[in-house]
Every structure is written in C-alpha cells, then in structure tokens.
Amino acid sequence: MRKVLLPVDGSDSAFQATLYVIDFVQKHGPLEVHVVNVQPKPLEWQTRGTDKEVINDHQAIEAHMVMKPILHALNEEEIAHQTHIKLGDPAEVLAALADELGCDHIVMGTRGLGAISGIVLGSV
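Reading the values: rules and limits
- Residues numbered from 1 in each chain as written.
- Predicted model: local features only at pLDDT ≥ 70, side-chain atom pairs only at ≥ 80, totals over all residues.
- Heavy atoms only, no water.
- Helix = DSSP H or I, 4+ residues; strand = E, 2+ residues; numbered from the N terminus.
- Expected span 1.5 Å × (residues − 1).
- Buried < 20%, exposed > 50% of the residue type's maximum accessible area, 1.4 Å probe, protein only.
- Phe/Tyr/Trp six-rings, centres within 6.5 Å; stacked < 30°, edge-to-face > 60°.
- Core = buried A, V, L, I, M, F, W, Y, C linked by side-chain atoms within 4.5 Å.
- Pairing = 2+ DSSP bridges.
- Contact = heavy atoms within 4.5 Å.
- Axes fitted to C-alpha atoms, helices over the stretch in contact; angles between N-to-C directions.

Observations regarding helix 1 (residues 12-28)
Move 1: Relative to the 24 Å expected for 17 residues at 1.5 Å per residue, helix 1 spans 24 Å between its end C-alpha atoms, a close match to the ideal helical length.
Move 2: For helix 1, the set of buried residues is Ser 13, Ala 14, Ala 17, Thr 18, Val 21, Ile 22 and Val 25.
Move 3: Positive phi appears at Gly 29, one or two residues downstream of helix 1, with a value of about 105°.

Put into structure tokens, the structure is as follows:
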C-alpha cells in the first residue's frame, strides 16, 4: 500500500492538501496516511523554570488544535490515518519522518505566497 505523509500547520493550504488526499483515495483506492504536525522546539529562555511535562502538554494541545479539522475531514470520509506530533525544524523533521515511515509521497500545501513573496520568504 502506498504511504503518504500529510504535514499540517493549521493553514488553509494544509486543509486543501487534505482534500487532495481525500479525493485521491476516493478515485484510486486506499493509502496509508500519516498526519503530522511539527511544533518548534522551545528555546531555553522561553521555558526557564517550567516543568518539561507542562511544555510537552502545551505543545500537544497546540498540535491537536491544528490537526482537529484535518482529522475530522479524514474521519468523515472514513480514511484511516495515523497521527504524529514532532518537535524541531519542519523541513528536517518531515524528511526524516518520511524516510522512517517509508512514505512514497509528501502531500503538503503551500503558504499561499505569490511568486515574488515565495522567492523572498521561502517556505517549508
């Protein structure tokens, strides 16, 4: 079975990528879908004096809020999926996770930038 990594960040373009995956499954059959949200690693000065468990819980809550509409859409269409919450640089984490899971494709939205903005600001 083909495996797809579906990174989500709460943006409309991430939701559009989800709709693409749903459409693909409806037209071509099942995929193994891995939904992932990458949270930034907190900096030491941001978390000084805060219990690590509290930080992890906060990041998990943030990730679940971001993933909620995506998971709802996949559940509505009865598309099986697994969820992953990771910390770190999104590009590095996504590449490593895709390799670890043996994903055939990464389906992700753009940031919705125009051509000039995309060149200047870049994207994951």
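Let's pick the thread back up.
Examining the packing of aromatic side chains
By convention here, two paired aromatic rings are described through the distance between centres and the angle between planes.
Move 1: Inspection of the entire model under this criterion finds one aromatic pair.
Move 2: Here the aromatic rings of Tyr 20 and Phe 24 are separated by 6.5 Å at their centres, their planes lie at 35°, and the arrangement is tilted. Within this pair, Tyr 20 and its partner Phe 24 are both found in helix 1, separated by four residues, close to a single helical turn.

Some details on the nonpolar core
If you look at soluble globular proteins, the nonpolar side chains tend to sit buried side by side.
Move 1: Membership of the largest hydrophobic core comes to 20 residues, with the highest contact counts inside it found for Leu 6, Val 8, Val 21, Val 33, Val 35 and Leu 74.
Move 2: The set of elements that each furnish at least two residues to this core consists of strand 1 (3-7), helix 1, strand 2 (32-39) and helix 3 (52-76).
Move 3: Considering every element that reaches this core, the biggest residue donor is helix 3, with seven residues.
Move 4: Residues Leu 5, Leu 97, Leu 101 and Cys 103 belong to the second largest nonpolar core, which totals nine residues.

Side note on unusual backbone geometry
Move 1: Positioned with a positive phi, Glu 78 is a non-glycine residue whose angle comes to about 55°.
Move 2: Mapped onto the fold, Glu 78 is located in the loop between helix 3 and strand 3 (81-87).
Move 3: Classification of Glu 78 by relative accessible area gives exposed; the value is 74%.

Some points on the sheet that holds strand 2
Move 1: Overall, parallel pairing links the four strands, which are arranged 3-2-1-4 in an open sheet. Single-partner strands in this sheet number two, and they are strand 3 and strand 4 (105-106).
Move 2: Of the pairings in the sheet, the one linking strand 2 to strand 3 comprises seven bridges and is parallel in character. Residue Val 38 lies in a different strand from strand 3, and its bridge partner there is Lys 86.
Move 3: Each of strand 1 and strand 2 touches helix 1; the most contacted strand, strand 1, lies at about 160° to it.

As far as function goes, none of this settles anything; it's purely spatial.
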